[in-house]
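# Examination of the molecular architecture
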Amino acid sequence: MNDLQDLVRRRLWEARLTVYEASRRARGAIAPEVIERLGRTGGRAFISARLAGHLARALDVPENRVRRAADLPEVHDPRVDEPTGPHLRLVTSDG
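One structure accompanies this document, and this report is about it.

### Overview of the overall build of the protein chain
- Per the secondary structure count, the protein chain includes five helices and zero strands.
- When the helices and strands of the protein chain are read in sequence order from the N terminus, they spell out α-α-α-α-α.
- Within the protein chain, the fraction of its 95 residues that count as buried is 37%.
- Excluding contacts between residues fewer than 6 apart, the proportion of contacts in the protein chain whose partners are at least 24 apart in sequence is 51%.
- Counting only carbon and sulfur atoms, one obtains 50% of the accessible surface of the protein chain, whose full area is about 6,300 Å².

Written out as structure tokens, the structure reads:
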């Protein structure tokens with residue numbers, strides 16, 4: 001289950017999302033408290049196959065990436081080839 005925790009923490013950090021923003025992306029299907037619990041170190045939270053799609057939308061990743069991390073069976077996902085790299089920008093001291 002650490003894979004799911006790692007995925008949630010990493011995507012929230014990469015996309016600079018709060019758990020509240022992620023919940024809004026999922027159109028409220030997953031409460032912010034659940035997303036927080038999923039990403040908490042030492043926390044225990046499991047998701048059902050039904051929630052995998054909502055969590056994928058919240059984290060902006062393909063659904064099968066969430067399903068693999070949660071040890072759920074994969075489904076056909078049209079977003080399978082979309083990149084999900086970090087959205088980072090370089091900040092310099094030049095101003």
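So that's the structure; there's more coming.
### Some thoughts on the pattern of salt bridges
- This structure, assessed with the given rule, holds four salt bridges.
- Note that Asp6 and Arg9 form a salt bridge whose closest N and O atoms lie 2.7 Å from each other. Of the two residues, Asp6 and Arg9 both sit in helix 1 (residues 2-14), three residues apart, roughly one turn of that helix.
- In this structure Asp6 comes out as partly exposed when scored by relative accessible area, which is 33%.
- Between Arg11 and Glu14 there is a salt bridge whose closest N-O contact spans 2.7 Å. Taken together, the residues Arg11 and Glu14, both in helix 1 and three residues apart, mark about one turn of the helix.

### Concerning the nonpolar core
- Formed by 22 residues in total, the largest nonpolar core has its most connected members in Leu4, Val8, Leu12, Ile35, Ile47, Leu55 and Val66.
- Not counting residues within four places of it along the chain, the set of residues in contact with Leu55 comprises Leu4, Val8, Ile30, Leu38, Ile47 and Val66.

### Structural notes on helix 4 (residues 49-59)
- Residues Ala52, Leu55, Ala56, Ala58 and Leu59 constitute the buried set of helix 4. End-on view of helix 4: buried residues confined to an arc of 155°, all on one side of the axis.
- Looking at the buried residues of helix 4, the elements they touch are helix 1, helix 2 (19-25), helix 3 (32-39) and helix 5 (63-69).
- Taken from the residues just after helix 4, Asp60 is the one with a positive phi, measuring 60°.

### Some remarks on the packing of helix 1 against helix 3
- For the pair helix 1 and helix 3, interaxial distance at closest approach is 7 Å and the crossing angle is 115°. Each of Leu4, Gln5, Val8, Arg9 and Leu12 in helix 1 lies in contact with helix 3, whose residues at this interface are Ile35, Leu38 and Gly39.
- In terms of residue class, the contact of helix 1 with helix 3 is built from five nonpolar, two polar and one charged.

### Brief notes about the side chain of Asn64
- Residue position: Asn64 is located in helix 5.
- Separated by 2.5 Å, the side chain of Asn64 and the backbone oxygen of Val75 make a polar contact.

Quick notes on the rules
- Residues numbered from 1 in each chain as written.
- Predicted model: local features only at pLDDT ≥ 70, side-chain atom pairs only at ≥ 80, totals over all residues.
- Heavy atoms only, no water.
- Helix = DSSP H or I, 4+ residues; strand = E, 2+ residues; numbered from the N terminus.
- Buried < 20%, exposed > 50% of the residue type's maximum accessible area, 1.4 Å probe, protein only.
- Contact = heavy atoms within 4.5 Å.
- Areas by Shrake-Rupley, 256 points an atom, 1.4 Å probe, with all protein chains shown as cover.
- Salt bridge = Lys/Arg side-chain N within 4 Å of Asp/Glu carboxyl O.
- Core = buried A, V, L, I, M, F, W, Y, C linked by side-chain atoms within 4.5 Å.
- Arc of directions from axis to C-beta.
- Axes fitted to C-alpha atoms, helices over the stretch in contact; angles between N-to-C directions.
- Nonpolar A, V, L, I, M, F, W, Y, C, P; charged D, E, K, R; others polar.
- Polar contact = N/O pair within 3.5 Å; in protein donor to acceptor, adjacent residues only side chain to side chain.

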